[in-house]
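Report on the structure
Single-letter residue listing:
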Amino acid sequence: MENLSLIRIFAAMKQVRPKKNLGQHFLTDLNIAKAIADTVDACPDLPVLEVGPGMGVMTQYLVEKPRPFKVVEIDRESVAYLQEHFPRLCNNIIGGDFLRMDLREVFDGQQFVLTGNYPYDISSQIFFKMLDNKDLIPCCTGMIQHEVALRMASQPGNKQYGILSVLIQAWYHVEYLFTVEPGVFNPPPKVQSAVIRMTRNEVTDLGCDEKLFRRVVKTSFNQRRKMLRVSLRQLFNGEQTASPHFFEDPMMTRRPEQLTIQEFVELTNKVEKELLSDTI
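Residues numbered from 1 in each chain as written. Predicted model: local features only at pLDDT ≥ 70, side-chain atom pairs only at ≥ 80, totals over all residues. Heavy atoms only, no water.

**Overview of the overall build of the chain**
The helix and strand tally for the chain stands at eleven helices and nine strands. Looking at the chain as a whole, 50% of its 280 residues qualify as buried. For the chain, the accessible area works out to roughly 13,600 Å², and carbon and sulfur atoms hold 49% of it. (Helix = DSSP H or I, 4+ residues; strand = E, 2+ residues; numbered from the N terminus. Buried < 20%, exposed > 50% of the residue type's maximum accessible area, 1.4 Å probe, protein only. Areas by Shrake-Rupley, 256 points an atom, 1.4 Å probe, with all protein chains shown as cover.)

**Considering the pairing of strand β2 (residues 48-51)**
Burial along β2 is two-sided: V48 and E50 and L49 and V51, pointing in opposite directions, are all buried. Of the strand pairs in this sheet, β2 and strand β3 (residues 69-73) are connected by four bridges, and their pairing is parallel. In the sheet register, L49 faces β3, and the bridge partner there is K70. As judged from the four bridges shared by β2 and strand β5 (residues 113-116), these two strands associate in the parallel manner. Within β5, the position partnered with E50 by the bridge is T115. (Pairing = 2+ DSSP bridges.)

**Section: the state of the cysteines**
Taken as a whole and assessed by the stated rule, the structure comprises one disulfide. Here C43 connects covalently by a disulfide to C139, the sulfurs 2.5 Å from one another. Here C43 and C139 share a disulfide; its torsion about the S-S bond, 85 degrees, makes the bridge right-handed. Placement of the pair is C43 in the loop between α2 (30-37) and β2 and C139 in strand β6 (residues 139-145), with a sequence separation of 96 residues. Of the two residues examined, C43 and C139, each falls in the buried class. Sulfur of C140: no disulfide; nearest cysteine sulfur belongs to C139 and is 7.3 Å away. You can call C140 buried: its relative accessible area is 0%. (Disulfide = S-S within 2.5 Å.)

**Here's the deal with the side chain of N201**
Looking at the secondary structure, you find N201 in the loop between β9 (193-200) and α8 (210-222). You can call N201 buried: its relative accessible area is 13%. What N201 contacts, discounting residues up to four positions off in sequence, is Q169, A170, W171, Y172 and H173. (Contact = heavy atoms within 4.5 Å.)

**Details of the sheet that holds β9**
Ordered by their spatial adjacency, seven strands build an open sheet running β4-β3-β2-β5-β6-β9-β7, and the pairing between neighbours is mixed. At either margin of the open sheet sits one strand with a lone partner, and together these are β4 (93-95) and β7 (172-180). Taken over all neighbouring pairs, the strand axes of this sheet differ in orientation by 20 degrees on average, direction set aside. As judged from the three bridges shared by β3 and β4, these two strands associate in the parallel manner. (Axes fitted to C-alpha atoms, helices over the stretch in contact; angles between N-to-C directions.)

By themselves, these are just geometric observations and shouldn't be taken as functional.
If you want it as structure tokens, here you go:
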């Protein structure tokens, strides 16, 4: 495998065209590509899966690391290019949709590091899939839209604090590593990008029903400017009702961005108690 020079990158763009419908913005700065690839070193010894390698600008650095390595790419032009220019990958190029994959089949049930230059339009879906497979993915790194990275790393009380912040930080430590300017991409995106790293925290049990936790968090932030006593009424539509005492709880006068993750856990348990009492 030859290293990708800038000349080869721009020559390859005649063979692999960035596709708007796939949200493709190809990275052209080799120093940044190597810096992103090196973020996986925080989780040594585990296999690595790269999502959306494109022309392999990050792949060329990842494939040199002494660990099992695979890529998944939905774009047929990119798959053909990778097969031609990265023969060392051999059967480790998966042509398909990451969002539809059974991740337990990638490395035969073994844990792995997830990384990539993630398409902006599906990055949140990628991270929700990561959460669904959190026991398989102890570490996730990569580049995403700057605004999304801020939301993921934000703390309570900030305007960026939201659904992604709570759901991801419940299970992962989130690090905002560095910002990437639009000019190092082809075509340049209209926004800044950012590189992040997420590593599993010590939590093995939230202390509440996990599905209901997601529902409570999403419902709360759907009306983020409203107090919880307003937004949470959506959980008790139809035949299910909540006691007046429930909405008199002091927590109900707060807005969702003011709650810590532990407080969302406590809120979930309160909601579950109301839902169960209504069915008895």
